[in-house]
Amino acid sequence: MQKTITKDNTETFINEEIDESYHSFTGAVEEALKKYAIPCKIKEFAKTGKITILDVCSGIGYNSAMAIDVALEENPECEIEVIGLEYDPKIIEKIQEVNPPIKFYQYYKEITAKNLQFKQGKVNVKIILGDARETCKELADKYFDAVFFDPFSPKKAPDMWQVDFFKEMYRVMKDNAIIATYSCARIVRDNMAAANLFYDDGPIVGRRGPGTIATKWLF
């Protein structure tokens, strides 16, 4: 994997087999905040005192680590559980090679391909290694407040954006949960709708088109 620096001066990697970056070149950390933590209303959920996050294709963990920062800033006593689904142990090992400006990320250094979970205060983080389309079936119904859906693009990894996978996301989402993704591709939105998710435009960050957010209820 080749390391690269994005426009917000933070690091990410290019998967040469897929020929795609793990984050937007416009800003890896900016993307974590503006495409996932904010639209999924992490701050608002943190006010309740407990939040559960599913990080699909978690990679080096920027999305969930940023969400933890946001939640703890709002409520330092918040109980936070993150479950990450990741296929490639090689990208998990790359956590040791990056130092993003995310306060909580220092604790992510405890994660390796052989040690896939840690606890820090009231925060629990666990990575489940394997094909996310299968490992998600181990998760409980209506468990998560927020889902960060971040596979490689529909063009490069079309199998990760199918109706059946979105149906699993629907199953594990609480009734008031929000799922967010960077893609606004028609096939993505059509497949979300087919899984009974109601979608809307997410934020525009570093590109012309918006991301997508979706819920179990109409906006």
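I will try to describe carefully the structure that is included in this document. (Residues numbered from 1 in each chain as written. Predicted model: local features only at pLDDT ≥ 70, side-chain atom pairs only at ≥ 80, totals over all residues. Heavy atoms only, no water.)

The next point concerns the overall build of the protein chain. Helix and strand counts for the protein chain stand at eight helices and eleven strands. For the protein chain, the C-alpha radius of gyration of 16 Å lies close to 17 Å, the compact-globule estimate for 219 residues. Projected onto its principal axes, the C-alpha coordinates of the protein chain cover approximately 40 × 40 × 30 Å. Counting every position in the protein chain, which comprises 219 residues, the buried fraction comes to 55%. Of the contacts made within the protein chain by residues no fewer than 6 positions apart, 66% connect residues no fewer than 24 positions apart. Each charge class in the protein chain can be summarised by its mean position, and for the 29 positive and 34 negative side chains these summaries are 2 Å apart. (Helix = DSSP H or I, 4+ residues; strand = E, 2+ residues; numbered from the N terminus. Rg over C-alpha atoms; globule rule 2.2 N^0.38 Å. Buried < 20%, exposed > 50% of the residue type's maximum accessible area, 1.4 Å probe, protein only. Contact = heavy atoms within 4.5 Å. Lys, Arg positive; Asp, Glu negative; His and termini not counted. Charge placed at Lys NZ, Arg CZ, Asp CG, Glu CD.)

To continue, consider the side chain of D145. Structurally, the position occupied by D145 is in strand β8 (residues 144–149). Reaching out from D145, the side chain makes a polar contact with the backbone nitrogen of T52 at a distance of 2.8 Å. Residues contacting D145, with those up to four places away along its chain left out, are F45, K50, I51, T52, K174, A177 and I178. (Polar contact = N/O pair within 3.5 Å; in protein donor to acceptor, adjacent residues only side chain to side chain.)

Our focus in this paragraph is the packing of aromatic side chains. Given two aromatic rings, their pairing is described by the distance between the two centres and the angle made by the two planes. Evaluation of the coordinates by the stated rule reveals twelve aromatic pairs. Where Y143 meets F144, the ring centres are 5.1 Å apart and the plane angle is 80°; that geometry is what we call edge-to-face. A relative accessible area of 0% means that F144 is categorised as buried. By way of ring pairs, the aromatic residues Y62, F104, Y105, Y107, Y108 and F118 are connected into one cluster. When the ring centre of Y170 is taken as origin, the NZ or CZ atom of K216, which lies over that ring, is 4.4 Å away. (Phe/Tyr/Trp six-rings, centres within 6.5 Å; stacked < 30°, edge-to-face > 60°. Lys NZ or Arg CZ within 6 Å of the ring centre and 35° of its normal.)

Relative to the helices and strands, I60 is located in the loop between β4 (50–56) and α3 (62–74). Distance in space between the C-alpha atoms of I60 and P154 is 20 Å, their sequence separation being 94 residues.

For the rest of this paragraph, the subject is the pattern of salt bridges. Per the counting criterion, the structure on display carries 14 salt bridges. Put simply, E31 and K35 hold a salt bridge, and the shortest N to O gap is 3.2 Å. Residue E31 and its partner K35 are both found in helix α1 (residues 28–37); the two are separated by four residues, about one turn of the helix. One exposure class covers both E31 and K35, and it is buried. A single salt-bridge network, built from bridges that share partners, covers D131, R133 and D159. (Salt bridge = Lys/Arg side-chain N within 4 Å of Asp/Glu carboxyl O.)

As a further point, take the environment of S183. With respect to the helices, strands and loops of the structure, S183 is situated in the loop between β9 (173–181) and α8 (186–194). Residue S183 is classed as buried on the basis of its relative accessible area of 4%. The spacing of S183 and V172 is eleven residues in sequence and 21 Å in space, taken between C-alpha atoms. Ignoring sequence-local partners within four residues, the contact set of S183 consists of P154, W161, V188, P210, G211 and T212.

Strand order in this open sheet of eight strands is β6-β7-β5-β4-β8-β9-β11-β10, and the pairing throughout is mixed. Edge positions in the sheet fall to β6 (117–120) and β10 (198–201), since each has one partner strand and no second. Across the sheet, the mean angle from the axis of one strand to that of its neighbour is 15°, orientation sign disregarded. Bridge count for β4 against β8 is four bridges, and the pairing is parallel. By the bridge assignment, L54 is partnered in β8 with V147. Against the sheet, helix α7 (residues 163–172) contacts β4, β8 and β9, and its axis sits at roughly 135° relative to β9. (Pairing = 2+ DSSP bridges. Axes fitted to C-alpha atoms, helices over the stretch in contact; angles between N-to-C directions.)

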